[in-house]
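Next come the chains, spelled out residue by residue.
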Amino acid sequence: MALVAAQNLSKSFGETQALSDVSIAFEAGEVHGLLGENGAGKSTFVKILSGVLAPDRGAVEVDGNPVRLGGGSRSLASISTAFQELSLLPNLTVAQNLLLPRLPRGPLGTVSRRELHHRAGEILDRWELEVPLDAEVESLDLATKQRLEIVKALSRDPKLLILDEPTAALADTSWLFQHIRDVTSRGAAVLYISHRLAEIRELCHRGSVLRNGAVVGQFARGDFDEDSVIAQMIGRSFDATFPPRSQGASEETALRVQGLSVADSPVTDVDLHVRRGEVVGVAALEGQGQRDLFYALYGLRRVVGGTVEVDGEPVSVRSPRGALHAGSGIALVPEERKVEALFLELSSQKNLTVPIISEIAVGPFILGSRERRRAREEAKRLNIAGDALERPVGRLSGGNQQKVVLAKTLLTGAKILLLFDPTRGIDAATKLEIYDLVRRLAEDGTSVLVYSTEIPELVGLCDRVYALYEGGITGEFSGESLSEDNLLGAAIGHRRHGESGSAAGPAADPGHPERAVASAESDRTQESTT
């Protein structure tokens, strides 16, 4: 008998059939993977198991006993979920979030702060998470929020633990994987949802593939084949490779950073450059300053040292507006699309056209026909379905939401793009669309600086990659030296700046050839003394 079994679950929203007779059983001690494109029905399935939604038909059994579904039913207390779209309350503290909805009460019915901290501290200690109990959740970085969401789910000791894209914001997965192995060794089951196929292969004993709300394939650890699984996900054969690199970027430097230091950040004395038409990556583990670096270049963090040049001219970027007007323009695709980039209640069309309101308006009035035309043009460019334009963007899949963010960013007209983890939580097919878009932009002369939590993505997509460790550059890689091993080594601080790069050493900055010469001389000096 299965520990938890979903039987013939179906759910529709209007004319959209989100789930159709989905049956999946979860055995004690196993990790069951769930794969599917954005919009395949995974989120609906998770919400039904979590008690958030009631199915139109079907049932869920725990230990052979049926449970009541929907309406946030507490009968599903044996199933606990760490959601991709975090359920934490941002204006409450870490301790309060961990113990909601059952906060400990004192003699007068008020919350006992002492007992609250005692219990929350025990939870954090048990699951090996270090974070201040009194810190408000909104003050935490995304990776820490993700871990806190996971710990909250783990702390309930569920029979079925659901992890929805748990590593989307995590560069280091070892902490999570160890706890998954611990809970399954004690007899719990784990439903693991991820677009990262390497994680599915490593962790999962069995798995299921959803497409258009139905189970279209299953796999076991011994017969997992990436090409076959991707084909099942998208309904056709699929060559999951990166687009070819550019034949050669311009010698003109679009963005140059020298000695950059950022206030209240580990970022210190950073040098990097991006040529016109070049895709340059930043590889870093969590908390190494990568977010501060990108946001400083966009005017959202205060620069306290060094210089920034755009198109060969020094600039002082103190706001996003200043970034957009610096030379050929700097634009950012931020880390958290739902918080930092989108108005969730507005339509995709209105989100898309925010940067060009002045072009589509006459006085205080927006011309609907002009707005629709510009939105449709950009939607076609990014393969956004036409019917999605009229829908609130908050109701779209994560992949379509990210396409809207990208389209909105491109409409700014900026020729230097800062992409911060642009494929986080995105399915394989949409990732490939984004890779193709980035390469097309580069071919058209746009310069791209991109950070990703997935090192293989940087290797496959970028012309060059810098590694960042404790706020400083520890390596620069291109050509044959651009490999996962080299990037990971530099990202954990094993190599220092100037010790690795392309086969001929660090890539020369065409605007400052003397810097490359000095670096090469430094390399030879180090080699002669070792």
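Just above sits the structure.
Everything numeric here is computed off the predicted structure, so don't read it as measured data. (Residues numbered from 1 in each chain as written. Predicted model: local features only at pLDDT ≥ 70, side-chain atom pairs only at ≥ 80, totals over all residues. Heavy atoms only, no water.)

Strand order in this open sheet of four strands is E12-E11-E14-E15, and the pairing throughout is antiparallel. Two strands bound the open sheet, and with one partner strand each, they are strand E12 (270-275) and strand E15 (313-315). Between one strand axis and the next, the sheet turns through 20° on average, direction left out of account. Two elements, strand E14 (residues 303-310) and E15, share three bridges in a ladder whose sense is antiparallel. (Pairing = 2+ DSSP bridges. Helix = DSSP H or I, 4+ residues; strand = E, 2+ residues; numbered from the N terminus. Axes fitted to C-alpha atoms, helices over the stretch in contact; angles between N-to-C directions.)

The next point concerns the nonpolar core. Grouped together as the largest cluster of nonpolar side chains are 46 residues, with contacts concentrated most on Leu-35, Leu-124, Leu-148, Leu-163, Ile-180 and Tyr-192. If we ignore the near neighbours within four places in the chain, the residues touching Leu-163 are Ala-82, Ile-150, Leu-176, Ile-180, Val-190, Leu-191, Tyr-192 and Ile-193. (Core = buried A, V, L, I, M, F, W, Y, C linked by side-chain atoms within 4.5 Å. Buried < 20%, exposed > 50% of the residue type's maximum accessible area, 1.4 Å probe, protein only. Contact = heavy atoms within 4.5 Å.)

A word on helix H3 (residues 113-126). Here H3 is 14 residues long and its end C-alpha atoms lie 20 Å apart, about the 20 Å a rise of 1.5 Å per residue gives. Restricting attention to buried positions, one finds in H3 the residues Leu-116, His-117, Ala-120, Gly-121, Ile-123 and Leu-124. Taken down its axis, H3 places every buried residue within 160° of arc, on the same side. Away from its buried face by more than 90 degrees, H3 exposes Arg-114 and Asp-125. On its buried side, H3 packs onto helix H2 (94-99) and helix H4 (142-154). Directly after H3, the chain includes Glu-128, whose backbone phi takes a positive value near 55°. (Expected span 1.5 Å × (residues − 1). Arc of directions from axis to C-beta.)

Attention now goes to the pairing of strand E20 (residues 447-451). Counted residue by residue, E20 has five buried out of five residues, so it is predominantly covered. Residues Ser-447, Leu-449 and Tyr-451 point to one face of E20 and Val-448 and Val-450 to the other, with burial holding for every one of them. Bridge count for strand E13 (residues 279-283) against E20 is four bridges, and the pairing is parallel. Bridge pairing in E20 places Val-280 opposite Leu-449.

Inspection of the secondary structure assignment puts Glu-309 in strand E14. Using a relative accessible area of 14% as the deciding quantity, one classes Glu-309 as buried.

With that settled, consider empty space enclosed by the protein. If a probe as big as a water molecule is rolled over the atoms, it shows which places are left empty. Per the counting criterion, the structure on display carries two cavities of 30 Å³ or more. In this model, the largest cavity occupies a volume close to 70 Å³. For the largest cavity, the lining is made up of 13 residues, of which Arg-196, Thr-423, Arg-424, Gly-425 and Glu-454 are closest to its centre. Considered class by class, the residues forming the lining of the largest cavity number two nonpolar, five polar and six charged. In this structure, the second largest cavity encloses a volume near 30 Å³. Taken together, Leu-406, Leu-410, Leu-417, Leu-419, Leu-437, Val-438 and Leu-441 make up the full set of residues lining the second largest cavity. Elements supplying a minimum of two residues to the lining of the second largest cavity: helix H14 (398-410), strand E19 (416-420) and helix H15 (428-443). Here the element with the most residues in the lining of the second largest cavity is H15; it accounts for three residues. Of the residues in the lining of the second largest cavity, the class split is seven nonpolar, no polar and no charged. (1 Å grid on protein atoms, 1.4 Å probe; cavity = no way out; pocket = protein on both sides within 12 Å on 5 of 7 lines; lining within 4 Å. Points joined across faces, edges and corners; volume = space filled by probe spheres on them. Nonpolar A, V, L, I, M, F, W, Y, C, P; charged D, E, K, R; others polar.)

Take it as geometry only, folks, not as evidence of what the structure does.
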